[in-house]
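Listed here are the chains, written in short residue letters.
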Amino acid sequence: MSVSELVAHTGYWMRMVSNAVSHEFARKIATKDVTVAEWAFLRTLYDVDAMAPSDLSANMGMTRGAISKLSDRLLAKKLIGRTESTEDKRTHTLSLTEEGRGMVPMLAALADKNDTEFFGVLTEEDQQTLDRILKVLAERSKLDSTPVD
């Protein structure tokens, strides 16, 4: 019986690159006291005035419990604020504070830098092809949650 080598699998190479890209990005933003999950949360809120936690959960493909834990951490860091509903005291929305809003462009620049460091060796055409292939694979596998690990 023939047993394939580890390096014969596309998944092996994807995992190797993914781990390196993810770990380096996590290291970069850790210097700003933010995790990858917190960055994704902040970036999701950046384009809106406010959002209900249930909408964040659906938008990011995360459980409400995970959103609750992230929001508690970001509230403690004063990067987001919570506004109670005037109609229903059981509901609230989350929004970026001034500090949180100011942090997002800086974190996005670190994300851009990280991408350039890893993928800048590819031609623009190769980068577009890689993105297209990865998006096809994600869509076919119905991968719709925000990758934060």
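Here, the structure is the one placed above.
S.K.: Any details on the overall build of the chain? Residues and values, ideally.
M.R.: Across its full length, the chain holds six helices and two strands. Reading the chain from its N end, one meets helices and strands in the order α-α-α-α-β-β-α-α. With respect to the principal axes defined by its C-alpha atoms, the chain has extents near 65 × 35 × 25 Å. Taking the contacts inside the chain whose residues are at least 6 apart along the sequence as the reference set, 57% of them involve residues at least 24 apart. For the chain, the accessible area works out to roughly 10,300 Å², and carbon and sulfur atoms hold 54% of it. Distance from the positive charge centre (19 side chains) to the negative charge centre (23 side chains) of the chain: 4 Å.

S.K.: Tell me about the environment of Met14, and please be specific about residues and values.
M.R.: For Met14, the location among the structural elements is in helix 1 (residues 10-30). Accessibility expressed as a relative area gives 38% for Met14, which makes it partly exposed. Remark: the alpha-carbon pair of Met14 and Ser145, spanning 131 residues in sequence, is separated by 18 Å.

S.K.: Just give me the short version of the environment of Ala8, but keep the residues and values in it.
M.R.: When you line up the elements, Ala8 lands in the segment before helix 1. By relative accessible area, which is 55% here, Ala8 ends up exposed. Sequence spacing of Ala8 and Ser57 is 49 residues, and the spatial spacing of their C-alpha atoms is 37 Å.

S.K.: Go over the layout of surface pockets, please, and point to the residues and values.
M.R.: Its boundaries defined by the atoms lining it, the largest pocket holds a volume of some 1,800 Å³. Every residue lining the largest pocket is counted, 36 residues in all, and those nearest its centre are Ser18, Val21, Ser22, Leu134 and Pro147. Looking at the lining of the largest pocket, the elements that each hand over two or more residues are helix 1, helix 2 (36-46), helix 5 (98-119) and helix 6 (124-140). With 11 residues, the single largest contributor to the lining of the largest pocket is helix 1. The residue inventory of the lining of the largest pocket, partitioned by class, reads 21 nonpolar, eight polar and seven charged.

S.K.: Can you explain the pattern of salt bridges? Please cite residues and give values.
M.R.: Taken as a whole, this structure holds nine salt bridges when the rule is applied. With its nearest N and O atoms 2.9 Å apart, the salt bridge here joins Glu24 to Lys28. Placement of both Glu24 and Lys28 in helix 1 is noted, with a separation of four residues, approximately one turn of the helix. The class of Lys28 is buried, set by a relative accessible area of 8%. Arg73 is the salt-bridge partner of Glu38, the closest N and O atoms lying 2.8 Å from each other. Here the residue Glu38 occupies a position in helix 2, and Arg73 occupies one in helix 4 (residues 64-76), the gap between them amounting to 35 residues.

Rules used in this analysis
Residues numbered from 1 in each chain as written. Predicted model: local features only at pLDDT ≥ 70, side-chain atom pairs only at ≥ 80, totals over all residues. Heavy atoms only, no water. Helix = DSSP H or I, 4+ residues; strand = E, 2+ residues; numbered from the N terminus. Contact = heavy atoms within 4.5 Å. Areas by Shrake-Rupley, 256 points an atom, 1.4 Å probe, with all protein chains shown as cover. Lys, Arg positive; Asp, Glu negative; His and termini not counted. Charge placed at Lys NZ, Arg CZ, Asp CG, Glu CD. Buried < 20%, exposed > 50% of the residue type's maximum accessible area, 1.4 Å probe, protein only. 1 Å grid on protein atoms, 1.4 Å probe; cavity = no way out; pocket = protein on both sides within 12 Å on 5 of 7 lines; lining within 4 Å. Points joined across faces, edges and corners; volume = space filled by probe spheres on them. Nonpolar A, V, L, I, M, F, W, Y, C, P; charged D, E, K, R; others polar. Salt bridge = Lys/Arg side-chain N within 4 Å of Asp/Glu carboxyl O.

Scope: geometric values only; no functional claims are made or implied.
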